[in-house]
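Understanding the architecture of this molecule
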Amino acid sequence: MNTKLINRPLYEDVADRLREQIFSKLLAPGSWLDEQSLALQFGISRTPMREAIKALASEGLVTMKMRRGAYVTEVNRDDLEQIYTVLSLLESQAARESALKATEDELNLLDHLHHRLEKAAADRDMEQFFEINGKFHELIQEIAGNRWMNSVITDLRKVLKLHRKDSLTSTGRLQSSLLEHREILQAILSRDESAAEAAMQKHFARSLEAIR
């Protein structure tokens, strides 16, 4: 039996580095991605760079413009409203399914994540809050177990990272968000699928109101 490990394609590593630069705003929204210049900067040929850019375009982080090349995606208000609408539909369904499917261990882990979320909010540690918030939502998606739905959610959340004028900085929004997460958690812990779905829908509706 051949036990040789398969090396990860170079373009995936390049895509990871580009994605990090996009999220950190080193490559700002609207920036032109000069394929040749980036390839020289990374010390690679243009082929893996081209493939990496295509991969990011499939995630929505890069926009390909006819005869103009590739640009870091710019997210406007209409984009945000449309993304939040789709995420609300998908994640509310994930919450409903997780209330039905979660094991006791998964419920305990979700509860643990929420305790960490509470602490981050109390400490006003926004970066930690965002990180744990992401893990909380990811766990709900994982419990729901629909890989096709999760793939769409993951890509849409990547696009949302391009817009970090975070709604949580508005007056009272952090505590409201925390309360909304608590309602989602309690519904799932109670295995009340209708309440879990409604709580997630409410969370996205309030989040959308905050960015308007």
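Let me begin by describing the structure that accompanies this report. The residue numbering used here restarts from 1 in each chain and proceeds along that chain's sequence as written. Note on the predicted model: pLDDT of at least 70 is required for a residue's local features to be given, and 80 or more for side-chain atom pairs to be given and counted; whole-chain, interface and lining totals, by contrast, use all residues. Neither water nor hydrogens contribute to the side-chain values; these are computed over all heavy atoms in the structure.

1. Brief notes about the overall build of the protein chain
Strands here are runs of E lasting at least two residues and helices are runs of H or I lasting at least four, both read from the DSSP assignment and numbered beginning at the N terminus. A tally of helices and strands in the protein chain yields 9 helices and 3 strands. Secondary structure elements in the protein chain, listed N-terminal to C-terminal, are α-β-α-α-β-β-α-α-α-α-α-α. Overall, the protein chain is about 55 × 55 × 30 Å in size when its C-alpha atoms are taken along their principal axes. Only protein chains enter the accessibility calculation, which uses a 1.4 Å probe. A residue is then buried if its area is under 20% of the maximum for its type, exposed if over 50%, and partly exposed in between. Looking at the protein chain residue by residue over its 212 residues, the buried ones come to 41%. Residue contacts are defined here by distance: any two heavy atoms, one from each residue, within 4.5 Å place the two residues in contact. Here the contacts in the protein chain between residues at least 6 apart in sequence split such that 74% fall between residues at least 24 apart. Using the Shrake-Rupley algorithm and a 1.4 Å probe, accessible areas are obtained, with residue cover drawn only from the displayed protein chains. Carbon and sulfur atoms form 50% of the exposed surface of the protein chain, whose accessible area is close to 12000 Å².

2. Some points on the nonpolar core
Residues belong to one nonpolar core when they are buried, are Ala, Val, Leu, Ile, Met, Phe, Trp, Tyr or Cys, and are joined through side-chain atoms within 4.5 Å. By size, the foremost hydrophobic cluster in this structure holds 58 residues, and its most contacted members are Leu18, Leu33, Met49, Ile140 and Ile188. In contact with leucine 33, other than residues within four places in its own chain, are Leu27, Leu38, Ile53, Val62, Ala70 and Val72.

3. Here's the deal with the packing of helix α6 (residues 126-144) against helix α8 (residues 173-189)
The interhelical angle for the contact between α6 and α8, taken along N-to-C directions, is 25°, at an axis separation of 13 Å. The angle between α6 and α8 places the two elements in the roughly parallel class. Helix-helix and strand crossings are classified by hand; for α6 and α8 the assignment is left-handed. In this structure, α6 contributes Met126, Phe129, Asn133, Phe136, His137 and Ile140 to the contact, and α8 contributes Leu174, Ser177, Leu178, His181, Ile184, Leu185 and Ile188. In this classification, the charged set is Asp, Glu, Lys and Arg, the nonpolar set is Ala, Val, Leu, Ile, Met, Phe, Trp, Tyr, Cys and Pro, and all remaining amino acids, among them Gly, are polar. Along the lines of polarity and charge, the residues of the contact of α6 with α8 split into 9 nonpolar, 4 polar and no charged. In this description, a line fitted to the C-alpha atoms serves as the axis of each element, helices being fitted only across the stretch in contact, and the angle between N-to-C directions of two axes falls anywhere from 0 to 180 degrees. Comment on the angle field: the value is read as roughly parallel under 35 degrees, roughly antiparallel over 145, roughly perpendicular from 65 to 115, and oblique elsewhere. Helix crossings fall into two classes, left-handed where the near helix is turned counterclockwise from the far one by less than a right angle and right-handed where it is turned clockwise.

4. As for the pattern of salt bridges
Take a side-chain nitrogen of Lys or Arg and a carboxyl oxygen of Asp or Glu: if they are within 4 Å of each other, that pair is a salt bridge. Taken as a whole, this structure holds 19 salt bridges when the rule is applied. For the salt bridge of arginine 8 with glutamate 12, the shortest nitrogen-to-oxygen distance reads 3.0 Å. Of the residues examined, glutamate 12 reaches a relative accessible area of 26% and is grouped as partly exposed. Salt-bridge contacts for lysine 135 lead to glutamate 131; the nearest nitrogen and oxygen are separated by 3.4 Å. Within this pair, lysine 135 and its partner glutamate 131 are both found in helix α6, separated by 4 residues, close to a single helical turn. Owing to a relative accessible area of 42%, glutamate 131 belongs among the partly exposed residues under this scheme.

5. Quick look at the side chain of threonine 73
By secondary structure assignment, the location of threonine 73 is in the loop between β3 (69-72) and α4 (77-101). Residue threonine 73 is classed as buried on the basis of its relative accessible area, which comes to 10%. Here a polar contact means two N or O atoms within 3.5 Å. Within protein one must be a hydrogen donor candidate and the other an acceptor candidate, and residues neighboring in sequence count only if both atoms are side-chain atoms. A distance of 2.8 Å separates a polar atom in the side chain of threonine 73 from the backbone oxygen of glycine 60. Within polar-contact distance, the side chain of threonine 73 engages the backbone nitrogen of valine 62 at 3.3 Å. Apart from the residues within four sequence positions on either side, threonine 73 is in contact with Pro29, Gly30, Gly60, Leu61, Val62, Thr63 and Leu162.

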